[in-house]
Amino acid sequence: LPICLACYAMYRAARLWLPSRAGAIAAGAFFGLSAMLTYQAWYHLNISYGEVFLPLTLEAAVRLRRGPTIGRGVILGVVLGASALVNQESAVMALILAALALVPWLLSSRALALTRLAALAAAGVAAAVVAGPQLAAMIEQARAGGNAAMAASLGYTSWVANLTSLFAP
């Protein structure tokens, strides 16, 4: 199921730029059926579901750029907040993707600056509300002293926690 969702999400994002439906279908297939996502779908379902939010974030950010409204800002915030609920690594990548898509747009012109800022504020509030339960759990765990076991004792630092594997997809 996550592979199908990833294919469809990338297809929708590609339709924003590609003139032909066949090109958008190919883009969706290349993304959703990539070896990395297929591997994650077999072994790490939370990561594969989290990767679905990357094209959803891109589509929401592009739609916000093309027509900055409060509603589109809320949609982007809901996508980012839901991403944080599913997989925090993918949420960081989705946040970086949204920033890369929106920062040039914010700096491009002073016209409509208040509308743009209002839409971004709505996105931030919506993301915080949707991701609130996960953020509260993370804050509570940090206050309680963090993880129960040392990361090095589980092999985490040698297998997963290096910078290149944290953001591999």
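Not measured: the values here are computed from a predicted model.

Rules used in this analysis
- Residues numbered from 1 in each chain as written.
- Predicted model: local features only at pLDDT ≥ 70, side-chain atom pairs only at ≥ 80, totals over all residues.
- Heavy atoms only, no water.
- Salt bridge = Lys/Arg side-chain N within 4 Å of Asp/Glu carboxyl O.
- Helix = DSSP H or I, 4+ residues; strand = E, 2+ residues; numbered from the N terminus.
- Buried < 20%, exposed > 50% of the residue type's maximum accessible area, 1.4 Å probe, protein only.
- Axes fitted to C-alpha atoms, helices over the stretch in contact; angles between N-to-C directions.
- Parallel < 35°, antiparallel > 145°, perpendicular 65-115°, else oblique.
- Left-handed = near helix turned anticlockwise from the far one by under 90°.
- Contact = heavy atoms within 4.5 Å.
- Patch = residues over 30% accessible without salt bridge, like charges linked within 9 Å, V, L, I, M, F, W, Y side chains within 5 Å.
- Areas by Shrake-Rupley, 256 points an atom, 1.4 Å probe, with all protein chains shown as cover.

**Concerning the pattern of salt bridges**
Logical step 1: What the rule picks out here adds up to two salt bridges.
Logical step 2: Residue E59 is joined to R12 by a salt bridge in which the shortest nitrogen-to-oxygen separation is 2.7 Å. With E59 in helix α5 (residues 53-66) and R12 in helix α1 (residues 2-14), this residue pair connects regions lying 47 residues apart in the sequence.
Logical step 3: On the accessibility criterion, E59 (6% relative accessible area) is buried.
Logical step 4: Of the charged contacts in the structure, one is a salt bridge between R63 and E59, with a shortest N-O distance of 3.0 Å.

**Quick notes on the packing of α5 against helix α7 (residues 88-108)**
The relative placement of two packed helices is expressed as an angle between their axes plus a distance between the axes.
Logical step 1: At a minimum axis separation of 9 Å, α5 and α7 run at an interaxial angle of 20°. Comparing their axes, α7 and α5 come out roughly parallel. Our pair here, α5 against α7, has a crossing hand that is right-handed. Two secondary-structure elements touch here, α5 through L54, T57, L58, A61, L64 and R65 and α7 through S90, M93, A94, L97, A98, A101, L102 and W105.

**Considering a nonpolar patch on the surface**
Logical step 1: Residues Y39, W42 and Y43 make up a contiguous nonpolar surface patch of roughly 460 Å² in combined accessible area.
Logical step 2: Along the polypeptide, W42 turns up in helix α3 (residues 35-43).

**Remarks on the packing of α1 against α5**
Logical step 1: Look at α1 against α5: their axes get within 8 Å of each other, and the N-to-C directions meet at 20°. Our classification of the angle between α1 and α5 gives roughly parallel. α5 is crossed by α1, and the crossing has left-handed handedness. For the pair α1 and α5, the contacting residues are A6, A9, M10, R12 and A13 in the first and P55, L56, E59 and R63 in the second.

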